[in-house]
Amino acid sequence: MRVVQVEPNSPLFGYIRPGYVIRSVNGSSVEDTIDFRFKIADERVRLVFADSQGKELSFDFEDVSADELGLTLDDSRIRVCKNDCIFCFIDQQPVGMRSNLYIKDEDYRLSFTHGNFITLSNTSDEDAERIIAQRLSPLYVSVHATDDTLRRCMLRNEKLAAIVPRLKYLGDNGIIIHAQAVLCPGINDGPYLEKTIADLAELYPHVETLAIVPLGLTKYRDGLSQLRNYNKEEAREIVRIVEGYQKQMLKRLGTRFVWPSDEFYVEALLPFPKHTEYEVMSQFENGIGMVREAITMFNRRRNRLKGIQSKHRVLFLTGKSAYPYLTKDIRPFVTDELKLNLSIVEMTNQFWGEMVTVSGLLTGQDLLREARKRSSEYDIVVLPPNCLNNDNLFLDNLSLEQFRTALGKPVVVGQYDLAATIRESFQMAS
């Protein structure tokens, strides 16, 4: 492993430089940052480095942690996916976005550290033993179907090992799994969905949760599999099936175990479950309970907005999925009771196509176009909370700074805490 940076407060600062290589920890080679953290957990540690000329340097430590050593290591080698999934979202992207959005990662390390979903298709027996030995748990696994013939067809990979035995082996050895099934109309729903839920429930508590999510389709599908989105009645049937299993699992396992994603409730025009019915929300980032969480948090904290005095105009931009709930649960209190001038605008996703309705996939250019078009209607604009990455870049590589400069008006990036976002926006406008 190559050293990228040494913190000034590190005991190795001045001795080790960027570009040096970690040869071994207690005589064993190091694969990555996770492996490094695991191996230096011994009471006594000998680290061997090699400089740019290959000269070795050894250091001995007692009871030292990775944070205390202050080393940043090169973890740029990501394992990529060798499947060819019929619904792969990355295959549906145009040119011109952030380069990392084109990486089809299939890396169990990123599943452990970042919650990325993997299929376990390139996880070898040796990898499985490392996962178990180093307790890389929980992992997030895309199952899609427990019928192995169907799964191989959907992933277009005839070499896929049977998924249930693999999950059982990891679970029997202490690894917790959060699973998902991406549903495609007429393919892995219906009886196949019921089989998937039932099979994975047999692996509880090691398979701890199961998320049922719809496929995502963009307008960039030339030459790809013929797929479509769920309609209202089909979405209602998915919710009916899943909620039926929830009742069974709650009696049998003490947990609902399986949840439909928010998108199914949106498409079905059904009310969201109560906040408590999502239990611990282990798959929140997978779109399970996000809308309910936002509404509940707003209702709990909305009284903090009382007393705001402002004649300024605030514009909320949001995706089609969230729009009905923001207008139903948020706007009446703010505009009718508090008499604040808040407008909520439903965005059409021009970049990806109208089939993409979630706010997290709105691009900078689409948001900027809408904000400019309505420039005379507001004093400050609020962007969705999940449309930027950690570097403040939109999906199309437009930066937040560029957005603000081009717009020429104050911009607030929203939080999931809508009350805090509203308070901040009106205070900034004032």
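Residues numbered from 1 in each chain as written. Predicted model: local features only at pLDDT ≥ 70, side-chain atom pairs only at ≥ 80, totals over all residues. Heavy atoms only, no water.

Observations concerning unusual backbone geometry
And step 1. A cis amide bond links S137 to the next residue, P138, at an omega of 5 degrees.
And step 2. Following the sequence through the fold, P138 ends up in the loop between α4 (125-133) and β7 (139-142).
And step 3. Residue Y204 is joined to P205 through a cis peptide bond whose omega torsion reads 10 degrees.
And step 4. Mapped onto the elements, P205 comes out in the loop between α7 (191-201) and β9 (207-214).
And step 5. A positive phi is found at F257, a non-glycine position, where the angle reads about 70 degrees.
And step 6. Looking at the element boundaries, F257 is found in the loop between α8 (232-253) and β10 (258-260). (Helix = DSSP H or I, 4+ residues; strand = E, 2+ residues; numbered from the N terminus.)

Quick word on the pairing of strand β11 (residues 313-319)
And step 1. The buried fraction of β11 is high, at six of seven residues.
And step 2. Here seven bridges tie β11 to strand β12 (residues 341-347), and the two strands are oriented parallel to one another. In the strand pairing of β12, T318 is matched with E346.
And step 3. Pairing geometry for β11 and strand β13 (residues 380-383), over three bridges, is parallel. Bridging across to β13, F316 finds its partner in V382. (Buried < 20%, exposed > 50% of the residue type's maximum accessible area, 1.4 Å probe, protein only. Pairing = 2+ DSSP bridges.)

Structural notes on the packing of helix α13 (residues 364-373) against helix α14 (residues 400-407)
And step 1. Between α13 and α14, the least distance of the axes is 10 Å, while the angle of their chain directions is 20 degrees. It follows that α13 is roughly parallel to α14 by the angle criterion. Our pair here, α13 against α14, has a crossing hand that is right-handed. Two secondary-structure elements touch here, α13 through G364, L367, L368, A371 and R372 and α14 through F403, A406 and L407.
And step 2. Among the residues making up the contact of α13 with α14, the classes are represented as six nonpolar, one polar and one charged. (Axes fitted to C-alpha atoms, helices over the stretch in contact; angles between N-to-C directions. Parallel < 35°, antiparallel > 145°, perpendicular 65-115°, else oblique. Left-handed = near helix turned anticlockwise from the far one by under 90°. Contact = heavy atoms within 4.5 Å. Nonpolar A, V, L, I, M, F, W, Y, C, P; charged D, E, K, R; others polar.)

Quick word on the sheet that holds strand β14 (residues 411-413)
And step 1. The sheet built from four strands is open, its strands ordered β12-β11-β13-β14 with parallel pairing. In this open sheet, the two edge strands, each paired with only one partner strand, are β12 and β14. Going from strand to strand, the sheet's axes swing by 25 degrees on average, the running direction of each strand aside.
And step 2. Of the strands in this sheet, β11, β12 and β13 touch α13, which is tilted by about 135 degrees from β12.

Considering the side chain of S261
And step 1. Examined against the element boundaries, S261 turns out to sit in the loop between β10 and α9 (262-268).
And step 2. Discounting residues that sit within four places of it in the chain, S261 has contacts with I212, V213, P214, N286, G287 and I288.

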